[in-house]
Amino acid sequence: MPTYELALVLRQLPRPELISVIRRTAEAIFDKGGIIRKLENLGTRALPHKVSEHGVVHREGTHFTIAFDTAPTQIADLKEEFGRDIDIIRRYVFKVQEPEEHKCTLHEEMLPPAYRKDVQEIVEAAKRTQKKKYNYNSGLDYYPFQK
């Protein structure tokens, strides 16, 4: 199952109600066959602009991120369920990409340019594409139009 990250903005609530909203969100993920990997509270902050959701204007919100694993077919159902929850102002689901493995080439990069493989490849490519300046079969031993 791929890993997803759910970014939530909840309306400003007292702590017991906030816990119940997070519990409802977690249970919805569990009901769809998901596994929660990480739950992070980012705190209560002022929103960058007024947000109208479910007929109410919000100026502050509590931000949470939840990392979870679930089947890709369940994401649309989760988004719909979170959209119906009146305590959730904004919800965004992102697929977490695995970071690419990079091979360390510091030793090769520290070599002088003449000894680097990539520079040698560029020089060889330039030699292959270099054009002749004049036709050697013309009988002339010099280029007649040289400035």
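Quick caveat, the model's predicted, so the values are computed rather than measured. (Residues numbered from 1 in each chain as written. Predicted model: local features only at pLDDT ≥ 70, side-chain atom pairs only at ≥ 80, totals over all residues. Heavy atoms only, no water.)

Caption draft 1: Spotlight on helix H1 (residues 15-31). For H1, which comprises 17 residues, the first-to-last C-alpha distance of 24 Å matches the rise-based estimate of 24 Å (1.5 Å per residue) to within 8%. Three or more residues of H1 are buried, namely Leu18, Val21, Ile22, Thr25, Ala26, Ala28 and Ile29. The buried residues of H1 occupy one face: seen down the axis, they fall within an arc of 155 degrees. Pointing more than 90 degrees away from the buried face of H1 are the exposed residues Pro16 and Asp31. (Helix = DSSP H or I, 4+ residues; strand = E, 2+ residues; numbered from the N terminus. Expected span 1.5 Å × (residues − 1). Buried < 20%, exposed > 50% of the residue type's maximum accessible area, 1.4 Å probe, protein only. Arc of directions from axis to C-beta.)

Caption draft 2: The packing of aromatic side chains, seen in detail. Applying the stated rule across the entire model yields two aromatic pairs. For the ring pair tyrosine 92 and phenylalanine 94, a centre distance of 6.4 Å and an interplane angle of 25 degrees mean the geometry is stacked. Residue classification places tyrosine 92 among the partly exposed positions, given a relative accessible area of 43%. (Phe/Tyr/Trp six-rings, centres within 6.5 Å; stacked < 30°, edge-to-face > 60°.)

Caption draft 3: Here's a closer look at the nonpolar core. Ranked by internal contacts, the top residues of the largest apolar core, which has 18 residues, are Leu6, Leu8, Leu10, Ile29, Phe68 and Phe82. When neighbours within four sequence positions are excluded, leucine 10 is seen to be in contact with Leu18, Val21, Ile22, Gly61, Thr62, Phe64, Asp87, Ile88 and Ile89. (Core = buried A, V, L, I, M, F, W, Y, C linked by side-chain atoms within 4.5 Å. Contact = heavy atoms within 4.5 Å.)

Caption draft 4: Quick look at the sheet that holds strand E3 (residues 56-69). Reading across from one edge, E2-E3-E1-E4 is the order of the four strands in this open sheet, with antiparallel pairing throughout. Among the strands making up the open sheet, the edge pair consists of strand E2 (35-53) and strand E4 (88-95). When strand polarity is set aside, the average angle formed by the axes of neighbouring strands in this sheet is 20 degrees. Inspection of the sheet shows strand E1 (residues 3-11) paired to E3 by nine bridges, in the antiparallel sense. Residue pairing across strands places alanine 7 opposite threonine 65, the latter belonging to E3. Sitting on the sheet, helix H2 (residues 75-84) touches E1, E3 and E4, and the angle it makes with E4 is about 165 degrees. (Pairing = 2+ DSSP bridges. Axes fitted to C-alpha atoms, helices over the stretch in contact; angles between N-to-C directions.)

Caption draft 5: Structural detail: the pairing of E2. As paired elements, E2 and E3 share 13 bridges and run antiparallel to each other. By the bridge assignment for E3, serine 52 is matched with valine 57. Counted between consecutive antiparallel strands, the loop separating E2 from E3 contains two residues, among which histidine 54 sits at a positive phi close to 55 degrees.

Caption draft 6: Representation of the pattern of salt bridges within the structure. Counting across every chain of the model gives eight salt bridges. Between aspartate 87 and arginine 11 there is a salt bridge, and its shortest N-O distance comes to 2.7 Å. You can see aspartate 87 sitting in the loop between H2 and E4 and its partner arginine 11 sitting in strand E1, a full 76 residues away along the chain. What makes arginine 11 partly exposed here is its relative accessible area of 27%. Glutamate 53 serves as the salt-bridge partner of arginine 91, at 3.8 Å between the closest nitrogen and oxygen. One end of the pair, arginine 91, is in strand E4; the other, glutamate 53, is in strand E2, and 38 residues separate them in sequence. (Salt bridge = Lys/Arg side-chain N within 4 Å of Asp/Glu carboxyl O.)

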